[in-house]
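Reading the structure
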Amino acid sequence: MKVYGLNVVERLLDDVLVAIGLLLPVFALVAGILDGAFGASGTAGGLLLAATALAGVLLALGGSGMRQNAGASFLGYELLAVAAIGWIVCAFLTGVVGAAIAAGVLVLAFGLLVALRRRALRLRFRPRFLTLRNFDTMIAVADTMIDGDGREAVHPVEVAVTVDHLLARVESPMRKDLKLVLVITEWALPLLVWRPFPFSVLGSNDRRRAVEKVINAKGPFRDVARSLKIMACVGYYGDQRGIAQAGFVHFGLRRRSQGVDQSPLQHPDPFEGRP
Amino acid sequence: MALAGPQELRTTRVFIETGMDAGTALDRLLERSGLIARVVAAAEAAGAVRAGFPIAIKPNLMAASAAGSADRTDPALVERLVAALAEEGFGTVAVVESAVRGLPPVADVARDAGYTGAGYRIVDLSEERVPFDYGSVLGVRDAGRSWRDAAFRISFGKAKTQWQCLFTGALANLYGCLPDPDKLASYHGTGHEFQECCVLLADRLPVHFGLVDAWVGGDGRGTHARPRHARETATLLAGEDLLALDWVLGEKMGVDPGLSFVLQEALLRWGRVQVVRRGNTTAWRPWDNVRSGKVASACLLEPALRTPAARLTLRALGPPGRRLAAWTIQ
């Protein structure tokens, strides 16, 4: 019984990714053989076909392990978008109908994959405040910041859910800043360790290296590190299991609190009787 | 500020009963699961007179393709349950259901299905709407008075496949307690998905016990447009925790219960539960489940199908289209 287990839309996405992933290299091969029909000739045409085939391979790899191969999936999506744009340009430059059809099909495939992914993630996590990308980042942040050597009491997904629900409840201008911190973490932090990929698709060691970089950094990046620490701690220790693991016992449950009158003190209204 | 709730694993039992005769099997199930004893205990705890202790039973009745025993709870089993309650002196029993836009009134459907009304009332929750604060995604909406005011609530669902949430049992059956007849307009869609509405109702108006009629289950890969296949499994299930009950039901059907949107939502809201299974847990064979790809496609296409134009088009296609346009997840 998994609370945040795979859902049917994710399962369909897996299958569609693999199906599209297998079809794209075949299409690239056919288009290479019949280059007159698709207008993909010369060096640029060869690169376009290679990008199409590679996008397919990456998507198939991503679909064979949604969570384990998140990096391949991310690159596959990006490359598919590039290939679709490439086919559109090819259609405009050559005026070949085959290229236009290929461009249309690739754009549709990209749209379908994006819609499926968004729906799947939304159904699985139901973020209330964070965007889907923010949520992915927050899971990766929790996984990185809470290094319990296998003794973590709370799963990173649950940490992210706690943070998301907390941010949805509070009313503070800081909320926007925290969102910005997650955006910076997702896109800028990996560049500090020369990894041109989003933070959420990096491996745990590389994520750790990126975070260590900002912990030791000066200037605005230092605030990013602080914010990440606060969010991870709020998510972890905002959960009863995290609290229990730290050894904290709520006052009402302590032995010395038993039988103690805990009703709030009543003070007279100091303004009563004044004009 | 409230902290996140503890995710302690609670333990509950689910009883599975089989046999040659449905009525006798239900009697055994009631005895094993201790349902009647629970009702008696609840009445005593409330200090109420048994004859006036309000009990509500929600059978599966208004399924859009309700053409036979494979689609709705067997009325004979519901009446046997009412009789068992009457034997203990409980005389204020309501069999509740709400209307569905595009389908005949509840009373007509109940009469056609074989409900006699002897010893109990058949209540259309849509006709006795009262405001109720559900909170969360529903906020202040209507609730059925008999369901709201019942001191003991029982969900008597039907075991069947469902093209929007894989399968339904006791938990999805509660969707029919939401009283607005236009279910698609009120309880589907972004911000209040059907599974959220269904589980929220079960959270705010808790059900004390669940039963599932799988004696003649309904399987098949189709939609509401066609009746399901009647599949004789000769099984009844019962339990106090609807999540656990439907989880075991999914296992009996041979699907991963966690893939059901309704059970996923229940897991999100109530957390995990440790299930102790009492009875034959072997999956039913043969049993034809809806493909997960179809459920996912329905999930993606539903916003388009829910528009007035799409519903009008479906209705214009004739009886199957009309049934499809009036779907509910029950």
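Position numbers for residues count from 1 along each chain, tracking the sequence in the order it is written. Whichever chain is written first is A, and whichever ligand is written first is 1; the rest continue in order. With the structure being a predicted model, the display of local features is reserved for residues of pLDDT at least 70 and the display and counting of side-chain atom pairs for 80 or more, all residues being used for whole-chain, interface and lining totals. Hydrogens and water are ignored here; the side-chain numbers use all heavy atoms of the structure.

Considering the overall build of chain B
Condition: Every helix listed is a DSSP run of H or I at least four residues long, and every strand listed is a run of E at least two residues long, numbered separately from the N terminus. Radius of gyration means the value over C-alpha atoms here, while the globule rule gives 2.2 Å times the residue count to the 0.38 power. The contact rule is simple, with two residues in contact once any of their heavy atoms fall within 4.5 Å. Calculation of accessible area relied on Shrake-Rupley with a 1.4 Å probe; when residues are assessed, cover is drawn exclusively from the protein chains displayed. Under the counting rule used here, the positive set is Lys and Arg, the negative set is Asp and Glu, and His together with the chain ends is not counted. By convention, the charge on Lys lies at NZ, on Arg at CZ, on Asp at CG and on Glu at CD.
Across its full length, chain B holds 12 helices and 12 strands. Its C-alpha atoms give chain B a radius of gyration of 19 Å, near enough to 20 Å, the size a compact globule of 330 residues would have. Taking the contacts inside chain B whose residues are at least 6 apart along the sequence as the reference set, 78% of them involve residues at least 24 apart. Carbon and sulfur atoms make up 52% of the accessible area of chain B, which totals about 12200 Å². Positive and negative side-chain charges in chain B, numbering 38 and 36 respectively, have mean positions lying 4 Å apart.

Observations concerning the overall build of chain A
Helix and strand counts for chain A stand at 12 helices and 0 strands. Its helices and strands in sequence order give chain A the pattern α-α-α-α-α-α-α-α-α-α-α-α, from N to C terminus. Computed over its C-alpha atoms, the radius of gyration of chain A comes to 25 Å, more than 25% above the 19 Å expected for a compact globule of 275 residues. Taken along the three principal axes of its C-alpha coordinates, chain A extends 90 × 50 × 40 Å. As displayed, chain A offers around 15100 Å² of accessible surface, 63% of which is attributable to carbon and sulfur atoms.

A look at the interface of chain B and chain A
We count it as follows: Throughout, buried area stands for the accessible area (probe radius 1.4 Å) lost by two parts on being put together, summed over both. One side-chain nitrogen of Lys or Arg within 4 Å of one carboxyl oxygen of Asp or Glu is enough to make a salt bridge. We call two N or O atoms a polar contact when they sit within 3.5 Å, provided that within protein one can donate a hydrogen and the other can accept it, with sequence-adjacent residues counted only if both atoms are side-chain atoms.
With 30 residues of chain B in contact, the opposing surface of chain A contributes 27 residues. Here chain B and chain A share an interface that buries about 2400 Å² over both sides, 67% of which is from carbon and sulfur atoms. Taken together, the links from chain B to chain A amount to 3 salt bridges. There are 3 residue pairs in polar contact (both at pLDDT 80 or more) connecting chain B and chain A.

A word on the packing of aromatic side chains
All names here are of chain B. Rule in force here: Centres within 6.5 Å make a pair out of two Phe, Tyr or Trp rings, where for Trp the six-membered ring is used; the pair is then stacked when the planes are under 30 degrees apart, edge-to-face when over 60, and tilted otherwise. In this scheme, a residue with accessible area under 20% of its type's maximum is buried, one over 50% is exposed, and one in between is partly exposed, where area comes from a 1.4 Å probe on protein chains only.
Summed over all chains, the structure comprises 13 aromatic pairs over all chains. Summarising the aromatic geometry, the rings of F53 and F90 are spaced 5.9 Å apart at their centres and angled 55° between planes, so their arrangement reads as tilted. Highlighted residues: F53 in the loop between α2 (35-46) and β2 (55-59) and F90 in the loop between α3 (75-87) and β3 (93-97), separated in sequence by 37 residues. There is no split in this pair, since F53 and F90 are both buried.

A word on unusual backbone geometry
The linkage connecting R285(B) with the following residue, P286(B), adopts the cis geometry, with an omega of -5°. The phi dihedral of W194(A) is positive, around 60°, even though this residue is not glycine. Following the sequence through the fold, W194(A) ends up in the loop between α9 (189-192) and α10 (204-216). With a phi angle near 70°, L166(B) is a residue other than glycine that sits in the positive phi range. Residue position: L166(B) is located in strand β8 (residues 166-168).

Quick look at the state of the cysteines
Applicable threshold: Cysteine sulfur atoms are paired as a disulfide whenever they come within 2.5 Å of each other.
Counting across every chain of the model gives 0 disulfides over all chains. Residue C198(B) stays outside any disulfide, its sulfur separated by 8.1 Å from that of C165(B), the closest cysteine.

Re helix α11 (residues 308-316) of chain B
All names here are of chain B. Definition in use: Here the arc refers to the directions that run from the helix axis out to each C-beta atom.
Listed in full, the buried residues belonging to α11 are A310, R311 and L314. For α11, the buried positions fall inside an angular range of 100° around the axis, keeping them on one side. Exposed residues pointing more than 90 degrees away from the buried face of α11 are listed as P308, A309, L312 and A316. In the segment just after α11, G318 is the residue with positive phi, at about 105°.

Side note on the nonpolar core
Quick note on the threshold: Buried Ala, Val, Leu, Ile, Met, Phe, Trp, Tyr and Cys residues form a nonpolar core when they are joined through side-chain atoms within 4.5 Å.
By size, the foremost hydrophobic cluster in this structure holds 124 residues, and its most contacted members are V9(A), W87(A), L113(A), W147(B) and L174(B). Sorting elements by how many residues they give to this core places helix α5 (residues 97-125) of chain A first, with 11 residues. With near-sequence residues (within four places) excluded, W87(A) lies in contact with F27(A), A31(A), F38(A), A40(A), L48(A), L49(A), T52(A), A99(A), A102(A), A103(A) and L106(A). Membership of the second largest hydrophobic core comes to 42 residues, among which are A22(B), A25(B), V100(B) and A113(B).

A short note on the pairing of strand β9 (residues 209-219) of chain B
Residue and element names in this part refer to chain B. Here is the rule we go by: Two strands qualify as a pair provided that DSSP identifies no fewer than 2 bridges between them.
Of all 11 residues in β9, 11 are buried; the element is thus mostly enclosed. Taken together, the 6 bridges between strand β7 (residues 152-162) and β9 define a ladder with parallel strand orientation. Across the sheet, residue S155 finds its bridge partner in β9, namely G210. In this sheet, strand β11 (residues 235-239) lies alongside β9 in antiparallel orientation, the contact comprising 4 bridges. When the bridges of β11 are listed, D213 appears paired with L236. Strand direction decides the pairing type here: β9 and strand β10 (residues 229-232), joined by 4 bridges, are antiparallel. Across the sheet, G217 pairs through a bridge with R231, a residue of β10.

As for the packing of helix α6 (residues 132-145) of chain A against helix α11 (residues 220-237) of chain A
Between two packed helices, the angle of one axis relative to the other and the distance separating the axes together describe the packing. Residues and elements named next belong to chain A. Selection rule: Between N-to-C directions, angles cover 0 to 180 degrees, with each direction set by a line fitted to C-alpha atoms, over the stretch in contact for helices. The cut-offs work like this: below 35 degrees is roughly parallel, past 145 is roughly antiparallel, 65 to 115 is roughly perpendicular, and the gaps in between are oblique.
Between α6 and α11, whose axes approach to 9 Å, the crossing angle comes to 90°. The angle between α6 and α11 falls in the class roughly perpendicular. Between α6 and α11, the residues in contact are M138, V141 and M145 and A225, L228, K229, M231 and A232, respectively.

Looking at the pattern of salt bridges
This structure, assessed with the given rule, holds 33 salt bridges over all chains. For the salt bridge of E17(B) with R28(B), the shortest nitrogen-to-oxygen distance reads 2.9 Å. Residue E17(B) is found in strand β1 (residues 10-18), and its partner R28(B) is found in helix α1 (residues 22-33); the two are separated by 11 residues along the sequence. Residue E17(B) is classed as buried on the basis of its relative accessible area of 8%. A salt bridge links R221(B) to D288(B); its shortest N-O distance comes to 2.9 Å. Separated by 67 residues along the polypeptide, R221(B) in the loop between β9 and β10 and D288(B) in the loop between β12 (273-278) and α10 (292-305) bring together distant segments of the chain. Salt bridges linked by common partners bring R126(A), E196(B) and E265(B) together as one network.

Quick look at the environment of W247(B)
Within the secondary structure, W247(B) is located in helix α8 (residues 242-253). Note on W247(B): relative accessible area 8%, which makes it buried. Not counting the four nearest positions on each side in its chain, W247(B) is found in contact with M1(A), P257(B), G258(B), L263(B), L267(B) and R277(B).

What about the confidence of the model for chain B?
All names here are of chain B. As a reminder of what qualifies: A score between 0 and 100, pLDDT records how confident the predictor is in each residue.
Taken as a whole, chain B shows an average pLDDT of 88; of its residues, 93% reach a score of 70 or greater. Confidence drops under pLDDT 50 across residues 1-6; counting only partners more than four residues distant or on other chains, this segment forms 14 contacts. With a pTM of 0.84, the predicted complex shows an ipTM of 0.79.

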